[in-house]
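Chain by chain, the residues:
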Amino acid sequence: MAVGKFVRRRMRYWRGGIAHAVALLLLSLGLGSGAHPSPVSDNKTGLPIGSELDEDAIDNPREVFHSEAVHGHKSYFSNLGNLAFNSPYILGDVARKAHISCGSCHVNGASNPKLFIPGLSTRPGNFDTTSSLFNPKTNNGVLDAVTIPSLRGVRLLAPYGHDGRTASLRDFVRNVVVNEFAGPVPSQEILDALMVYIEDIDFLPNPNLDQTGRLKSGANASQQRGEVLFAKSFPHDPSMSCAGCHMPSAAFVDHRQHDIGSGGLYKTPTLLNADFGAPYFHDGRFDNYGQVIDHFDRVFDLGLSAQDRADLAAYLTAVGDGVRPQYHLTGTNVLSDIDDFVSVLDIAISSHDTEVVALTVQSVSDLLRSLADHYADPAGGEIDGGANERKLARATLAALTQTLHRAGLDAAHGRFDAAAGEYLNYRKLALAAAPLALQAAEKWSLFNPARRETHQAALQPAIAGEAASR
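Worth saying up front: this structure is predicted, and the values here are computed from it rather than measured.

A. Region of interest: the environment of leucine 151. When you line up the elements, leucine 151 lands in the loop between strand S2 (146–147) and helix H6 (169–180). Given a relative accessible area of 11%, leucine 151 falls into the buried group. Sequence spacing of leucine 151 and phenylalanine 203 is 52 residues, and the spatial spacing of their C-alpha atoms is 8.6 Å. Each residue touching leucine 151, except ones within four places of it in the same chain, is listed here: Phe85, His106, Gly109, Ile198 and Ile201.

Okay, structure coming up:
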């Protein structure tokens, strides 16, 4: 109720002088964004033409945070780690130019089954982390694309890497930043924050399973038969079973590497939330559980009947399920996410942490400009109405960007009281006026599926022309 009263008061203020002020900003501010269309249609990003990061997806997975379940809120370091995870500025020059962050691959801590980079990916959902594109020093001269794993429950899933080559998650994250993406060695604070955020991402809750990983009593007959088959010893090696490696009581892993006929030793992946993790195997060679089951049946001569395969697939589907938070992308939802990132300035400014202030200002400014692009005038001609609404949305986001930059400049020059004042101005504008402006322009924005489809269609000739000229 208190928030509602505050919003109504801010609405009256917004309809007065602030609306006129931010509208004038359009005449003086450049809103060029680092964001790029999906798929990539020009050479500005440095990525191959046709690269698909699925950045414009309307529906996105969401994290479930362990800290929120236990304490009811996330910590400062979890929010800072989330910011760094979604910032290209902790990576190397190529990633920065392309505006690629850890979150580009691991969308909200999940995987990205649509990611595809020509020359690095052999199929959507995988790419070669040892190519020359991001860091020539790590190029092994082999196209060995691997799938992008979900980070849900990762604190329970050591060792790390598909081949389990790294015992420490901290060492693995540092290697990704420094070696795979040629970023500078992260500061102790940033690396600590990344670890807190990544380890805070929990598995999606699965109502099909009890606390020991067994099916609950409500499971159907096919799922129950599949569970029995899953625990049954292999005919030609009684020491082996599916459950022997995918241990239900231990998040369906055994923390070991095995050769399962896929080309080497690879660690046992968890089956929890795996319904949302296709494609499967380290290189993404399989699209569904049926293909995975056929592989094991063939390699280990299991002698499965058609009914057995169906029952195993039913069981795996039950184990791999999870309750996913609903998140339909809108301008106000994106702004709310940005607000979580900006919140680290509460502590960063008061503690005079200029490194975090600078990272926040730089990263959030890019996100605000990218958000403003969703309210740009449409490609392929004007649509019916909405020009003023889109203009006001862009102006409001420009005002937020400029206010944030002033806070950053003040902090960089040691004027922390002034920085705190500008940050307060940002919060006021972001809390009330900005959501109202974005909501008013929503139906004419790229968050509208019909508008987005028309916009993407208008870009296709440019994409085809770029591809043909290469």
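Picking up where we left off.
B. Molecular detail of the environment of glycine 331. Its place among the elements puts glycine 331 in helix H12 (residues 331–342). As a C-alpha pair, glycine 331 and tyrosine 375 span 44 residues in sequence and 9.2 Å in three-dimensional space. Leaving out residues up to four positions away in the same chain, glycine 331 has contacts with Leu371, Tyr375, Leu438, Glu442 and Phe447.

C. Empty space enclosed by the protein, seen in detail. Overall, the coordinates contain 2 cavities of 30 Å³ or more when judged by the stated rule. For the second largest cavity, the calculated volume is near 40 Å³. Looking at the second largest cavity, the residues that line it are Ser111, Asn112, Pro113, Gly125, Thr147, Ile148, Gly277, Ala278 and Pro279. For the lining of the second largest cavity, a count of residues per class yields 4 nonpolar, 5 polar and no charged.

D. The packing of aromatic side chains, seen in detail. This model, assessed by the stated rule, comprises 13 aromatic pairs. Between phenylalanine 230 and tyrosine 315 the ring centres are 5.0 Å apart and the planes differ by 50 degrees, which places this aromatic pair in the tilted class. One end of the pair, phenylalanine 230, is in helix H8 (residues 221–231); the other, tyrosine 315, is in helix H11 (residues 306–319), and 85 residues separate them in sequence. The exposure classification of phenylalanine 230 matches that of tyrosine 315, with both residues buried. Measuring from ring centre to ring centre gives 4.9 Å for phenylalanine 281 and phenylalanine 286, while their planes differ by 75 degrees; the resulting arrangement is edge-to-face. By relative accessible area, which is 12% here, phenylalanine 286 ends up buried.

E. Looking closely at H8. Turning to H8, its buried residues are Ser222, Gln223, Gly226, Glu227, Leu229 and Phe230. Each buried residue of H8 lies within a common arc of 165 degrees when the element is viewed along its axis, so the set occupies one face. Backbone nitrogen of serine 222 and a side-chain oxygen of the N-cap are separated by 3.1 Å at the start of H8; the cap is asparagine 220.

F. Fine view of H12. For H12, with 12 residues, the first-to-last C-alpha span of 16 Å sits near the 16 Å given by 1.5 Å per residue. Those residues of H12 lying buried are Gly331, Val334, Leu335, Asp337, Ile338, Phe341 and Val342. The arc that holds the buried residues of H12, viewed along the axis, is 160 degrees, so those residues lie on one side. Summarising the contacts, the buried residues of H12 are in contact with helix H3 (76–85), helix H13 (345–350), helix H14 (354–373), helix H15 (387–412) and helix H16 (416–441).

G. Up close: the side chain of aspartate 283. Within the secondary structure, aspartate 283 sits in the loop between strand S4 (265–267) and helix H10 (289–299). Note on aspartate 283: relative accessible area 18%, which makes it buried. Excluding residues within four positions of it along the chain, aspartate 283 makes contact with Thr122, Arg123, Asn126, Ala145, Val146 and Thr147.

H. Structural detail: the pattern of salt bridges. A full pass over the atoms with the stated rule returns 17 salt bridges. Each of Asp163, Arg165 and Glu180 takes part in salt bridges that share partners, so that together they form one network.

I. Main features of unusual backbone geometry. Along the chain, alanine 158 connects to proline 159 via a cis peptide bond; the corresponding omega equals 0 degrees. As for its placement among the helices and strands, proline 159 is situated in the loop between S2 and H6. In the segment running from alanine 278 into proline 279, the intervening peptide bond is cis, with an omega of 5 degrees. Assignment of secondary structure puts proline 279 in the loop between S4 and H10. If you check the backbone angles, asparagine 108 has positive phi at about 50 degrees while not being a glycine. Tracing the backbone shows asparagine 108 in the loop between helix H5 (102–105) and strand S1 (126–127). With a phi angle near 60 degrees, histidine 255 is a residue other than glycine that sits in the positive phi range. Relative to the helices and strands, histidine 255 is located in the loop between helix H9 (242–245) and strand S3 (257–259).

What counts and how
Residues numbered from 1 in each chain as written. Predicted model: local features only at pLDDT ≥ 70, side-chain atom pairs only at ≥ 80, totals over all residues. Heavy atoms only, no water. Helix = DSSP H or I, 4+ residues; strand = E, 2+ residues; numbered from the N terminus. Buried < 20%, exposed > 50% of the residue type's maximum accessible area, 1.4 Å probe, protein only. Contact = heavy atoms within 4.5 Å. 1 Å grid on protein atoms, 1.4 Å probe; cavity = no way out; pocket = protein on both sides within 12 Å on 5 of 7 lines; lining within 4 Å. Points joined across faces, edges and corners; volume = space filled by probe spheres on them. Nonpolar A, V, L, I, M, F, W, Y, C, P; charged D, E, K, R; others polar. Phe/Tyr/Trp six-rings, centres within 6.5 Å; stacked < 30°, edge-to-face > 60°. Arc of directions from axis to C-beta. Polar contact = N/O pair within 3.5 Å; in protein donor to acceptor, adjacent residues only side chain to side chain. Expected span 1.5 Å × (residues − 1). Salt bridge = Lys/Arg side-chain N within 4 Å of Asp/Glu carboxyl O.

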